[in-house]
Amino acid sequence: MHDDPVGAFLGGDADAITLMEDGDLHAAILMRAAKAAGLAAETAPFQSPRRAGIRHLLRLTLPWGTAYFNAGCLMVGAPGAGRMDCTHVNGALYNVIRHKQASKELIALLGFPVPAGQIFDHGGEDAAVEWSRRFDRPVCVKPAKGSMGTHVFPGLTAEEDIRQAFRQAATRRSPHVLVEESAPGSAVRFFFVRPRVVGLRIDLPSNVDGDGESTIATLITAKNAEKRRRTGHAPTIVDADVHAHLRRQGLDLDHVPPTGRRVFLRSVSNGCKGGDSYTTWTGVHPSYIERITAMCNAIHGLDITAVDTKAADPTVPATADNFRILEVNNNPGLVPFHFPWEGQSQDVAGAIVDLLRQWPNPGA
């Protein structure tokens, strides 16, 4: 394995390095793929509303128009268009997808299995708890509009935990809270670029493996260093969620786990929360790929997405009872597919470039 796989991939490309140093390795990856395909790619400065100072995004000049890419978000427009004059690659579907319950209803309408759930407004904490009691199974609490696994709390059964999760999920950005069935099994993500699935991975929540000598805090520090080197991706940040998850297991950062014991630090498996990605084409039964491909192609205008699922056993054929489609994503990240914790790199960026060449008739 190369000592610096990310550096080797960037190959001294100054523009791509600028994007990476701005914290957007996703854009750096797409820039390299675009340049390899002979497309004009450059950085463009912009002022982020969430971060002081000038940042950079990727601008692509294409035969039919212009595209901008930043942190997984792809915008397309006419020749010479500015970013604010462009529209999201998924067009009018953008607002449907970003609302988790609306997208679930669309998926269910197409005949695909989704978790049972209900939306509550920010004042509906008592009603959410009562619904959870009647449901009589572990639930997941999350914002109706959210991303990157923020304020997502799966596998809850205790009333106190459900109430605390509800209060955290009811944010100013998303005053409505979705409470739904907490689907068991493996977290499997499918990266779709019309007309096919081009990336597939199984994700685990952030974790460390005990060596019988080191504390959990020391193990986290060591794994973070290795993860930065191997994947260039977000390490585990020790925050209130990590402390709470350890407490529920009767652990803290000073605990020394025995050799071979894996300690999970979160309940969500998102890469941006320190989750581990295992790319695979053989660890998931082909029937899942067939179903996800059919679903995505049935949604007109859905051109780039990642579909998050839970499968009881992803090695056996998919049925209506053994997996659930949790959500679809407007702005899926590229990094874990190109630089997984384990497995072979999957060229999802190259697939995006191929789609952009065919625009505005992707999949034709």
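Structure: above.
Residues numbered from 1 in each chain as written. Predicted model: local features only at pLDDT ≥ 70, side-chain atom pairs only at ≥ 80, totals over all residues. Heavy atoms only, no water.

A few points about the overall build of the chain
Defined as follows: Think of it this way: any DSSP run of H or I at least four residues long counts as a helix, any run of E at least two long counts as a strand, and we number them from the N terminus. When we talk radius of gyration, it's over C-alpha atoms, and the globule rule is simply 2.2 Å times the number of residues to the 0.38. Remark: exposure states derive from per-residue accessible area (1.4 Å probe, protein chains only) relative to the maximum for the residue type, with buried under 20%, exposed over 50%, and partly exposed in between. In this analysis, two residues are considered to be in contact whenever any of their non-hydrogen atoms come within 4.5 Å of each other. Using a 1.4 Å probe, accessible areas were evaluated by the Shrake-Rupley method; residue-level cover was limited to the displayed protein chains.
When its secondary structure is counted, the chain shows 12 helices and 16 strands. What you see for the chain is a C-alpha radius of gyration of 21 Å, in line with the 21 Å of a compact globule of 364 residues. For the chain, the spread of C-alpha atoms along the three principal axes comes to 55 × 50 × 45 Å. The burial tally for the chain puts 52% of its 364 residues in the buried class. Taking contacts inside the chain between residues at least 6 apart in sequence as the whole, the part at least 24 apart equals 64%. Carbon and sulfur atoms make up 52% of the accessible area of the chain, which amounts to about 16,500 Å² in all.

Here we look at unusual backbone geometry
Most peptide bonds take the trans form, and the phi angle of most residues other than glycine is negative. Cis geometry is adopted by the peptide bond preceding Pro 195, which originates at Arg 194 and carries an omega value of 15°. With respect to the helices and strands, Pro 195 occurs in the loop between strand S10 (186-193) and strand S11 (196-204). Not every positive phi belongs to a glycine, and Ala 71 is a case in point at roughly 50°. Structurally, Ala 71 is set in the loop between strand S3 (66-70) and strand S4 (73-77). The backbone of Asp 136 sits at a positive phi, close to 60°, despite the residue not being glycine. Looking at the element boundaries, Asp 136 is found in the loop between helix H6 (125-135) and strand S7 (139-143). You can call Asp 136 exposed: its relative accessible area is 65%.

Coordinates in, geometry out; function isn't part of it.
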